[in-house]
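For reference, the chains in residue letters:
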Amino acid sequence: MYVGAIVTIAGGARCEERSGSLPRKRLGSYHSAPQRLLGSPFATWDVLGESILDRTLDRLRVFGVDHVSVISEDGFCHWSGSDLFMPPSRAASGFWPAWDSVVSHYLNHNMETLLLVRLGPYVELDYSDFLRFHRESAAALTQANHALGAMDLIAVDAKQLRDTKDSFRARLSAMIADRREYRFTGYVNALADPADFRRLVQDALHGQCGIRPVGNEVEPGIWLGDGARIERTANVLAPAYIGANSWVRSSCTISGASAVEKQCEVDCATSVDDCCILPGTYLGMGLNVSNAIVGAGKLFHLGREVELEMNDGRLIGSTSGSQRLTRTARALFGSMSTRRSQTASLVTARRFGHFN
Amino acid sequence: MLLKLPERVDGRLARTFARELNRELMNDRPRIVVDLSQVKQIDSDALNTLLDCMVEVANRDGAVKLGGISPEAATILELTRMDRVFEMFPTVAEAASSFSVARLEPATEQAPEPAAA
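Residues numbered from 1 in each chain as written. Chains lettered and ligands numbered in written order. Predicted model: local features only at pLDDT ≥ 70, side-chain atom pairs only at ≥ 80, totals over all residues. Heavy atoms only, no water.

Points about the sheet that holds strand 16 (residues 229–230) of chain A
All names here are of chain A. Note the cut-off: When DSSP finds at least two bridges between two strands, those strands are taken to pair. For helices the rule is a DSSP run of H or I covering at least 4 residues; for strands it is a run of E covering at least 2, with both sets numbered from the N terminus onward.
With respect to topology, five strands assemble into an open sheet ordered 16-19-22-25-30, the strand pairing being mixed. One side of each edge strand has no neighbouring strand; the edge strands of this open sheet are strand 16 and strand 30 (316–318). With three bridges joining them, strand 25 (residues 281–283) and strand 30 adopt antiparallel strand pairing. Bridging across to strand 30, Leu-283 finds its partner in Ile-316.

Structure representation (structure tokens):
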């Protein structure tokens, strides 16, 4: 069976309004309005070394899906790698033009089945079994269904779309009424809010879902990515993940099933408990980061449900070269401007600059 | 003295507030309540200035208390471990009344004397 997949990256609420006529609005009933995490779709953030999008693409390839295209509901098209199917019109802007373009191209290349996946929720589905069910039931459209509700995951008989005189969308909408349901019991996470994202990371660290950390398990429950550094006086409590090229400096503590993704730096004497630290994040000295998701210069506190924009690179910033330089310069400048010893004695370790 | 901080507090703004505090520092046992109910962002310079103020006030046997702490301010104070340094109260009124309670305690012990006289 020649299968082409379209993976849609769910946008925020703004996109939901714009794409009100999406077939998935009628198909999917399980959390079809996901939020963004710190300004980006959940699917694009790393979970233990690899993004949910990349993990989904890997699963599709493992299960024998021949070609995959990725479209963002925000209106940008991402053709996911040179080895994947790449339609001729890469200039299509906006969700629906891009979607129509991909469907048209798949049909022109004699795809037998189209697999429509929306991320959205994280779903561990046996795609080969799903496609086998679709083929054997000879249904025009099959939708995956979990105990939690209908999923944004459908298989469509391409011939039904090829023969239509209506638009693909209109035909798809008409087919929904006669859909077959494929019931499955695998792991599902709605990824509807940051707490769901955090739960996904915890589940992965505790082995409760199919996500495996990218790296080596150096001690039971502690995974290190390539080039990760943990200084001798730092304390990492299992389960924990330290991503590739990340650096946990002296006297730090990483605990509470925390994940420090790739290219992060946790500066001296900072404690990270029950947190996800997203790629490329710098955590300043002596901080107490707890029950939070941190990245992209922002902090989302899960307990208080507040998102903070951190404009102070000495507390939370990026590990990119320019920001690091700025931080060092500010720290040096700070050390030259006189700080009173009285203040220093109040808090044992000054934490607002490298040299304060 | 009640000091109400705005939504965004940086070092420069904090130093302006600190200058206003200087008058209060002339008094013996200065009592300062900082209202953080509007605060959404506060940077490390501002936190340093707040610490400096606390030290100055403590040197004069006074106290700085934080009240009406917004979730954002609470998160930053926890992040920087300042929640262990400052006395914090859910509301400004509670922060202010905590001074009265502190003053009342010795006053109630001495109260019978004038009554007897």
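Let us keep going from here.
What about the nonpolar core?
Quick reminder of the rule: The term nonpolar core refers to a set of buried residues drawn from Ala, Val, Leu, Ile, Met, Phe, Trp, Tyr and Cys, joined through side-chain atoms within 4.5 Å. Each residue is placed in one exposure class: buried if its accessible area under a 1.4 Å probe, protein chains only, is under 20% of its type's maximum, exposed if it is over 50%, and partly exposed if it falls in between. Pairs of residues are marked as contacts when any of their non-hydrogen atoms sit within 4.5 Å.
Counting 54 residues, the largest nonpolar core has Ile-277 of chain A together with Val-34 of chain B as the members making the most contacts within it. Secondary-structure elements contributing two or more residues to this core are strand 15 (222–224), strand 18 (240–242) and strand 27 (292–295) of chain A together with helix 1 (11–25), strand 3 (31–35), helix 2 (44–59), strand 5 (63–67) and helix 3 (71–79) of chain B. With seven residues, the single largest contributor to this core is helix 2 of chain B. Look past the residues within four positions of Val-34 of chain B in its chain and what remains in contact with it is Leu-3, Leu-5, Leu-50, Val-64, Lys-65, Leu-66 and Gly-67 of chain B.

A short note on the domain arrangement of chain A
Residues and elements named next belong to chain A. We count it as follows: The split of the chain into domains comes from an automatic or database domain assignment. Buried area: the sum, over both parts, of the accessible surface (1.4 Å probe) that disappears when the two are put together. Take a side-chain nitrogen of Lys or Arg and a carboxyl oxygen of Asp or Glu: if they are within 4 Å of each other, that pair is a salt bridge. Whenever two N or O atoms come within 3.5 Å, that pair is a polar contact, provided that in protein one can donate a hydrogen and the other can accept it, and provided that, for residues adjacent in sequence, both atoms are side-chain atoms. Asp, Glu, Lys and Arg are counted as charged, while Ala, Val, Leu, Ile, Met, Phe, Trp, Tyr, Cys and Pro are counted as nonpolar; the rest, among them Gly, fall into the polar class.
Taken as a whole, chain A is organised into domain 1 (3–189) and domain 2 (217–352). Both faces considered, domain 1 and domain 2 share a buried interface measuring about 870 Å² in area, 68% of it formed by carbon and sulfur atoms. By the criterion of area lost to domain 2, the three top residues of domain 1 are Leu-38, Asp-46 and Leu-48, representing 66% of everything that side buries. The interface formed by domain 1 and domain 2 holds one salt bridge in total. The tally of links between domain 1 and domain 2 comes to three residue pairs in polar contact (both at pLDDT 80 or more). Residue composition of the side of domain 1 that touches domain 2, by class: five nonpolar, two polar and one charged.

A few points about the confidence of the model for chain B
Residue and element names in this part refer to chain B. Formally: The pLDDT score gives, residue by residue, the confidence of the prediction method on a 0 to 100 scale.
When pLDDT is averaged along chain B, the result is 84; 85% of the residues meet or exceed 70. Across chain B, element-level confidence peaks in helix 3 with a mean pLDDT of 96 and bottoms out in helix 5 (residues 112–116) with 47. Per-residue pLDDT stays below 50 along residues 107–113; that stretch engages in zero contacts with residues further than four places along the chain or on separate chains. The complex model carries a pTM of 0.82, and its ipTM stands at 0.82.

Concerning the environment of His-301 of chain A
The residue His-301 of chain A is located in strand 28 (residues 298–301) in this model. Accessibility expressed as a relative area gives 6% for His-301 of chain A, which makes it buried. Measuring from C-alpha to C-alpha, the distance between His-301 of chain A and Phe-184 of chain A comes to 34 Å, with 117 residues separating the pair along the chain. Non-local contacts of His-301 of chain A, meaning those with residues more than four positions away in its chain, are made with Ser-290, Asn-291, Ala-292 and Val-306 of chain A together with Thr-75 and Glu-78 of chain B. A polar contact of 3.0 Å, which involves the side chain of His-301 of chain A, links it to the backbone nitrogen of Arg-304 of chain A. A distance of 3.5 Å separates the side chain of His-301 of chain A from the side chain of Glu-78 of chain B, its partner in a polar contact.

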